[in-house]
Each structure stands twice: as structure tokens, then as C-alpha cells.
Amino acid sequence: MKILYHACCGVCSLYPIKLMREEEIDFALYYANPNIHPYQEWKERKKTFVTVAESNRVPYFIDKEYPLERFLKEQLTHENRCAYCYRSRLTLAAKKAVEEGYDAFSTTLLISPYQNRELIVATGGEIAKEHGLEFYDRDFREGFQYAQDTSVEQGLYRQKYCGCIFSERDRYQKRKKKQDE
Ligand code: SF4
């Protein structure tokens with residue numbers, strides 16, 4: 001089975017890379033994240049992603065489009081902004097998987113204990129069906145600490161918030177609230 005991994009960032013790719021290598025699974029990574037705001041943050045994460053992919057000699061693709069207006073418009077009209085965010089990125093990954101001849105796709109988001117695994121798996125399964133693919137829903141959360149430790153050892157950039165401007169606000173509002181208490 002050939003798997004294309006949607007990669008939310010370089011750090012979250014570290015553990016899936018380790019496992020795929022150990023298990024000799026044919027895979028590649030795909031950075032496709034119109035949800036990351038602002039643009040400089042998107043660039044910084046992309047740079048780290050490229051460093052990780054190249055230093056591990058993993059084939060990779062990048063979606064260079066940055067459709068900020070379209071993403072925000074859709075996100076704001078959606079009842080659940082994370083649901084829209086997952087769907088948009090997993091759809092990009094599925095389309096790329098079909099285009100490049102992969103049998104399955106997945107996402108490095110599945111390493112994060114902060115993401116909604118159930119929703120990602122359900123959304124991935126639906127999108128897989130629509131594209132005649134398989135969604136590889138392996139639980140990578142056991143590798144979260146490994147990714148954090150390795151990124152510190154290697155001096156990799158680690159983001160401070162999930163990605164969108166709303167998550168940036170929530171992160172810093174929470175921190176400010178704590179300081180004010
Ligand atoms: S919080 Fe994270 S998953 Fe949710 S919409 Fe923002 S970037 Fe996407």
C-alpha cells in the first residue's frame with residue numbers, strides 16, 4: 001500500500017516517518033495547510049517541514065497556494081470551524097493522492113492529543129470513499145512526546161498554536177487570562 005500523508009507541519013511528521021520507515025511502508029508527505037495564519041507562520045512551518053522531509057530523505061509535495069480569503073470565508077460560515085478545516089485539508093490530500101497514484105492517504109494530525117481524532121477519522125473515511133481511496137487511520141498519539149523531544153534535540157521550529165487566527169487568539173487570550181489571575 002502506498003500512503004500519502006497530509007503533513008500539518010514538520011514536527012508532527014517525525015513519528016509517522018519513524019514508524020513508516022521501520023515498517024518499510026511506501027509513503028510520501030504533502031504540506032497542504034491553507035488554515036495556517038498569518039502567512040509568515042505558514043512559511044515558517046513550511047520551512048521546517050522541508051527540513052524534516054529532506055533530512056529524512058522522504059519524498060514530499062507542497063501545495064503552494066495560500067487562499068486566505070476563500071478559507072476564512074468558508075470557515076466563518078461553517079458551524080464547526082475545525083470540521084471545515086479538517087475537511088478542506090483532507091480533501092486536498094485525497095486529490096493529490098489520486099493525482100500521484102497513491103492507494104491511501106492519512107494525516108500527521110493523528111499524532112496530536114489536542115486534535116479531534118474521531119472527527120478526523122470520520123471525515124477521512126468519507127473523503128476516502130468519495131475518491132476511491134483508503135483512509136489510513138492509525139493512532140499516532142503515543143509518538144507525540146517523541147516528536148516534541150526530537151524537535152528540541154534538532155532545534156526545529158515548534159508552533160505555539162494550532163494554526164488559524166482563531167486558535168492564535170485563543171492561545172494568547174488564555175495565557176493573558178492566566179497572567180491576570
Ligand atoms: S483550531 Fe486548528 S484544527 Fe481548528 S480550525 Fe483552527 S487550525 Fe483548524
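Please refer to the structure higher up on the page.
My aim in this report is to walk through the structure given alongside it, one point at a time. (Residues numbered from 1 in each chain as written. Predicted model: local features only at pLDDT ≥ 70, side-chain atom pairs only at ≥ 80, totals over all residues. Heavy atoms only, no water.)

As a further point, take the side chain of Ser106. Assignment of secondary structure puts Ser106 in strand S4 (residues 104–107). At 2.6 Å, the side chain of Ser106 forms a polar contact with the backbone oxygen of Tyr136. If we ignore the near neighbours within four places in the chain, the residues touching Ser106 are Ile3, Leu4, Tyr5, His6, Phe135 and Tyr136. (Helix = DSSP H or I, 4+ residues; strand = E, 2+ residues; numbered from the N terminus. Polar contact = N/O pair within 3.5 Å; in protein donor to acceptor, adjacent residues only side chain to side chain. Contact = heavy atoms within 4.5 Å.)

On to the nonpolar core. In this structure, Tyr5, Met20, Leu29, Phe105 and Phe140 are the most contacted members of the largest nonpolar core, which totals 47 residues. Within the residue set of this core, elements represented by two or more residues are strand S1 (2–7), helix H1 (10–22), strand S2 (26–31), helix H2 (39–55), helix H4 (81–100), S4, helix H5 (117–131) and helix H6 (144–153). The greatest single-element share of this core, amounting to seven residues, is contributed by H1. Ignoring any residue separated from it by four or fewer positions in sequence, one finds Met20 in contact with Ile3, Tyr5, Ile25, Phe27, Tyr136, Arg138 and Phe140. (Core = buried A, V, L, I, M, F, W, Y, C linked by side-chain atoms within 4.5 Å. Buried < 20%, exposed > 50% of the residue type's maximum accessible area, 1.4 Å probe, protein only.)

Right, let's get into the site of the ligand. Neighbouring the ligand are the residues Asn35, Gln75, Arg81, Cys82, Cys85, Tyr86, Arg89, Gln115, Cys162, Gly163, Cys164 and Ser167. Sorting elements by how many residues they give to the shell around the ligand places H4 first, with five residues. Residue composition of the shell around the ligand, grouped by class: five nonpolar, five polar and two charged. (Near = heavy atom within 4 Å. Nonpolar A, V, L, I, M, F, W, Y, C, P; charged D, E, K, R; others polar.)

A separate point is the packing of aromatic side chains. Taken as a whole and assessed by the stated rule, the structure comprises 13 aromatic pairs. Ring centres of Tyr5 and Phe27 lie 6.2 Å apart, and the angle between their planes is 90°; on these two criteria the pair is classed as edge-to-face. Of the two residues, Tyr5 is situated in strand S1 and Phe27 in strand S2; the sequence distance between them amounts to 22 residues. For the pair Tyr5 and Phe27, a shared accessibility class is recorded, and that class is buried. Plain terms: the ring middles of Tyr5 and Phe140 are 6.0 Å apart, the flat faces sit at 55° to each other, and that makes the pair tilted. One end of the pair, Tyr5, is in strand S1; the other, Phe140, is in the loop between strand S5 (134–135) and H6, with 135 residues separating them in the sequence. Across from the ring centre of Tyr161, 5.3 Å away, lies the NZ or CZ of Arg45, which sits over that ring. (Phe/Tyr/Trp six-rings, centres within 6.5 Å; stacked < 30°, edge-to-face > 60°. Lys NZ or Arg CZ within 6 Å of the ring centre and 35° of its normal.)

With that settled, consider the sheet that holds S1. Strand order across the open sheet formed by five strands is S3-S2-S1-S4-S5, with parallel pairing between neighbours. Each edge of the open sheet carries a strand with a single partner, namely strand S3 (60–62) and S5. Bridge count for S1 against S4 is four bridges, and the pairing is parallel. What sits directly across from Leu4, in S4, is Phe105. Packing of H1 onto the sheet brings it into contact with S1 and S2, and relative to S2 it is tilted by some 165°. (Pairing = 2+ DSSP bridges. Axes fitted to C-alpha atoms, helices over the stretch in contact; angles between N-to-C directions.)

All right, on to the packing of H1 against H6 then. The packing of two helices is summarised by the inter-axis angle and the distance between the axes. Where H1 meets H6, the axes come as close as 8 Å, and the angle between the chain directions of the two elements is 115°. The angle between the axes of H1 and H6 places the two elements in the roughly perpendicular class. For the pair H1 and H6, the crossing hand works out as right-handed. On H6, the residues that touch Val11, Leu14, Tyr15 and Lys18 of H1 are Tyr146, Ala147, Gln148, Thr150 and Ser151. Of the residues contributing to the contact of H1 with H6, the split by class is five nonpolar, three polar and one charged. (Parallel < 35°, antiparallel > 145°, perpendicular 65-115°, else oblique. Left-handed = near helix turned anticlockwise from the far one by under 90°.)

In short, the description is geometric, and any link to function would need to be established separately.
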